[in-house]
Amino acid sequence: MRRLYGFLACLAVILGAFLANTPAASATGIVSNGIPWTDDMNPVPHPPGIIEFCTMGVVGSDSLGNKIGISAAHCVDDAPDGAPVYRFTPTGPREHIGNIAYRSPGGGTGVDWVVIRLNADAVLTSNGPSARVDGIGSSNPVGPHCKDGAGTGIHCGAITSQTTTRFYSNAQSGGGDSGGPVLQNNTEIVGMVRGFDPVLFAFEYIKFAAVLDGINAQPNPVGKGFVVTNS
């Protein structure tokens, strides 16, 4: 019984600390890495096996104080800059969380990143549904890593090859994972999910350093000086 009381006391302390650090409510609510998102306000009928959402790679702020989300551009190849994006739910209407600011030159065929200007009242957190992202890792990652995606969850593996903007790995990804974060040192983002390369027979990831280089090269100031949320 004494052990039970001790356990309950510890649990109360943990829950108290968690609740004390829970972000305040807002109209937009909490936005984090790892959440599913879409550019469709309402569910659209799709053939079986077609996934209609992507995964938020990382959230943070830019040098102007804008709240920013970054994911894969091929998720919005059919939507123009300025279009709204929504938190994905299986039924609609879905909650508006921000708007497309701009994307990599060439969109999904380019480096493949999109900058989302999140609503000003969005509450950002480092703690996603499955993983925490609170920093930026190596610009040229090597070795083991883990990826998180709203479609297939967390899978880990090792980098097998890389280019200036991509790396390839045996860490599995699948439908709905696009744009999701790739992590090293547990919580540092080094890449985002792109897809599968049938020639290399490896899963393809976008180097996050190439994403930041691309953002900083754009004339649009939104997203420049990006800092990952650490909260």
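As a reminder, the structure under discussion sits directly above these lines.
Below is a short write-up of the structure. Since the structure is predicted, the reported quantities are computational estimates derived from the model, not experimental observations.

## Let's talk about the pattern of salt bridges
Line of reasoning, step 1. A full pass over the atoms with the stated rule returns 8 salt bridges.
Line of reasoning, step 2. A salt bridge links Arg94 to Glu52; the shortest N-O distance between them is 3.6 Å. In this pair, Arg94 is assigned in the loop between β6 (84–87) and β7 (96–103) and Glu52 in the loop between β2 (36–38) and β3 (54–55), connecting sequence segments 42 residues apart.
Line of reasoning, step 3. Of the charged contacts, one joins Glu204 and Arg166 as a salt bridge, the two residues approaching to 2.7 Å between their closest N and O atoms. Remark: Arg166 occurs in strand β13 (residues 166–169) and Glu204 occurs in strand β16 (residues 202–207); sequence separation between them is 38 residues. When sorted by exposure, Glu204 lands in the same class as Arg166, which is buried.
Line of reasoning, step 4. Counted as one network, the salt bridges with shared partners bring together Asp112, Arg166, Arg194 and Glu204.

## Structural notes on the side chain of Gln218
Line of reasoning, step 1. Following the sequence through the fold, Gln218 ends up in the loop between α2 (208–216) and β17 (227–228).
Line of reasoning, step 2. Gln218 sits in the buried class, given a relative accessible area of 18%.
Line of reasoning, step 3. The residues contacting Gln218, other than those within four sequence positions of it, are Tyr102, Pro105, Trp113 and Lys224.

## Describing the environment of Ile159
Line of reasoning, step 1. By the secondary structure assignment, Ile159 is in strand β12 (residues 155–162).
Line of reasoning, step 2. Residue classification places Ile159 among the buried positions, given a relative accessible area of 15%.
Line of reasoning, step 3. Spatially, the C-alpha atoms of Ile159 and Pro144 are 6.5 Å apart, while their sequence positions differ by 15 residues.
Line of reasoning, step 4. Dropping the residues within four chain positions of it, Ile159 is found in contact with Pro141, Val142, Gly143, His145, Phe167, Tyr168, Ser169 and Gln184.

## What to know about unusual backbone geometry
Line of reasoning, step 1. For the peptide bond that leads from Gly92 to Pro93, omega is 0°, which places it in the cis range.
Line of reasoning, step 2. Within the secondary structure, Pro93 is located in the loop between β6 and β7.
Line of reasoning, step 3. For Phe201, which is not glycine, the phi dihedral falls at a positive 50°.
Line of reasoning, step 4. One can find Phe201 in the loop between β15 (188–197) and β16.

## Digging into the pairing of β6
Line of reasoning, step 1. Here β2 pairs with β6 via 2 bridges, running antiparallel. Along β6, the bridge assignment pairs Thr38 with Tyr86.

## Notes on the environment of Thr164
Line of reasoning, step 1. Considering the arrangement of structural elements, one finds Thr164 in the loop between β12 and β13.
Line of reasoning, step 2. Residues Thr164 and Ala210, 46 residues apart in the sequence, show an inter-C-alpha distance of 7.5 Å.
Line of reasoning, step 3. Among residues more than four places away in sequence, those in contact with Thr164 are Lys207 and Ala210.

Cut-offs used in this document
- Residues numbered from 1 in each chain as written.
- Predicted model: local features only at pLDDT ≥ 70, side-chain atom pairs only at ≥ 80, totals over all residues.
- Heavy atoms only, no water.
- Salt bridge = Lys/Arg side-chain N within 4 Å of Asp/Glu carboxyl O.
- Helix = DSSP H or I, 4+ residues; strand = E, 2+ residues; numbered from the N terminus.
- Buried < 20%, exposed > 50% of the residue type's maximum accessible area, 1.4 Å probe, protein only.
- Contact = heavy atoms within 4.5 Å.
- Pairing = 2+ DSSP bridges.

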